[in-house]
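# Examining the three-dimensional arrangement
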Amino acid sequence: MQTKYFVVDKDEPDLKMMEEAARLLKQGGLVAFPTETVYGLGANGLDSEAVAKIYKAKGRPSDNPLILHIANQEELVPLVTSIPANAQVLMDTYWPGPLTVVLERSRLVPDIISGGLDTVAVRLPGSKVARQLISLAGVPIAAPSANTSGRPSPTSAQAVLSDLEGRIDGVVDGGDCYIGVESTVVDCTTPVPTLLRPGGITVEMLIETLGEIEIDPTLGGSVECAPKSPGMKYTHYAPSAPMVLFEGRYSRIEDFMLEEIQRALEMGKTVGAIVSAETAQRLPENLIVAIYGQRGQTAEIAANLYTALRSFDDYSVDVIYAEGIDEQGLGLAVMNRLRKASGYKIIKV
Ligand code: AMP
Ligand code: MG
């Protein structure tokens, strides 16, 4: 199939192009589109056959449920059985934006969306292009990240095409995503809402709004018990070569990384490194280096993370060493993705 390509302005998308993309969705097709977090791969969320195509195109395991995207808060009502007060507060505070709420699902939501669960995940994205496309399609849009399953999520239309060109009906190119990591997923069916996936809305913000928040125990490290957000159990966000993550204090990470890199080079390996601008200055020359940003600039690091991970695709590196960052603010989401990308091969220093 030929993938149609629509370039639009992110603030004033061309209506004709948007209507054409929405028509593909209404016909049961797959269209990738930008949100403020990452590019999503959209399908009519009320059409099981269309949704099945998402799983096929991505190679996504069928027990990993999808998020439904809506364009207005009122569109949530028919999708769920009730809206708890905590969920309402979260939506009033952070919608439109990078927050996904998990609620009890109504019978309108097809089984295939929820991967066998009684709940549904819903988000009202901040991106104007995303909201306009959903509005024009006139239905909730199921949209996981628009990458091949297991790969880093795409934050540009180019990254979408490199994974899915020829496998999907269209891509709306609205430029790069400015947050760069996926939405925060909060389960609002528990008495105190539970964080299932860290993302664009930080834990600090959630605590400020709600007073308290539970953290899903499987978020901390390698996953032994079944996580409540099924997607979190899969290896994910991984670049094309094995990756080792260093965690600890900056100064110690830098020294230990340099030592490990030296050892790998002496063994004749082709080595990649994903690091801060500061650490990059100390690296030897014969490396493939991806810089994710300045130390401490977590928003910048989040925005650049997936492009940096994907940059190794063009080289055949044997191993990638990654510099961990502080977990405050967006740092928690960044470290969650780096840990998963490394398959939990972590060196604590
Ligand atoms: P993606 O859209 O590819 O970034 O993945 C969506 C994430 O939301 C995955 O981690 C899913 O497991 C999670 N998710 C979707 N629906 C639910 C649900 N009903 N309950 C818990 N987690 C969900
Ligand atoms: Mg994903």
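The paragraphs below set out a description of the structure included in this document. (Residues numbered from 1 in each chain as written. Chains lettered and ligands numbered in written order. Predicted model: local features only at pLDDT ≥ 70, side-chain atom pairs only at ≥ 80, totals over all residues. Heavy atoms only, no water.)

It is worth spelling out the sheet that holds strand β15 (residues 319–323) at this point. Ordered in space as β14-β13-β15-β12-β16, the five strands form an open sheet in which the pairing is parallel. Either end of the sheet is taken by a strand with one partner, and the two such strands are β14 (288–293) and β16 (346–348). When strand polarity is set aside, the average angle formed by the axes of neighbouring strands in this sheet is 20°. The sheet contacts of helix α8 (residues 250–266) involve β12 (243–247), β13 (271–276) and β15, and relative to β15 the element is tilted by about 170°. Contacts from helix α10 (residues 298–310) reach β12, β13 and β14 within the one sheet, and its direction differs from that of β14 by about 155°. (Pairing = 2+ DSSP bridges. Helix = DSSP H or I, 4+ residues; strand = E, 2+ residues; numbered from the N terminus. Axes fitted to C-alpha atoms, helices over the stretch in contact; angles between N-to-C directions. Contact = heavy atoms within 4.5 Å.)

This paragraph deals with the pairing of β15. The element β15 is extensively covered by neighbouring structure, given that five of its five residues are classed as buried. The side-chain alternation of β15 yields two buried faces, one formed by Val319, Tyr321 and Glu323 and the other by Ile320 and Ala322. Alignment of β12 against β15, held across four bridges, turns out to be parallel. Across the sheet, Leu245 pairs through a bridge with Ala322, a residue of β15. (Buried < 20%, exposed > 50% of the residue type's maximum accessible area, 1.4 Å probe, protein only.)

Note on pairing: side chains with opposite charge can pair once their charged atoms come close. The full count for this structure, using the stated rule, is 16 salt bridges. The closest approach of N and O atoms between Glu323 and Arg295, which form a salt bridge, is 3.5 Å. Of this pair, Glu323 sits in strand β15 while Arg295 is found in the loop between β14 and α10, placing the two residues 28 residues apart along the sequence. The class for Glu323 is buried, based on a relative accessible area of 0%. Within the structure, one salt-bridge network assembled from shared partners comprises Glu254, Asp255, Arg282, Arg295 and Glu323. (Salt bridge = Lys/Arg side-chain N within 4 Å of Asp/Glu carboxyl O.)

The analysis is restricted to geometry; functional conclusions fall outside its scope.
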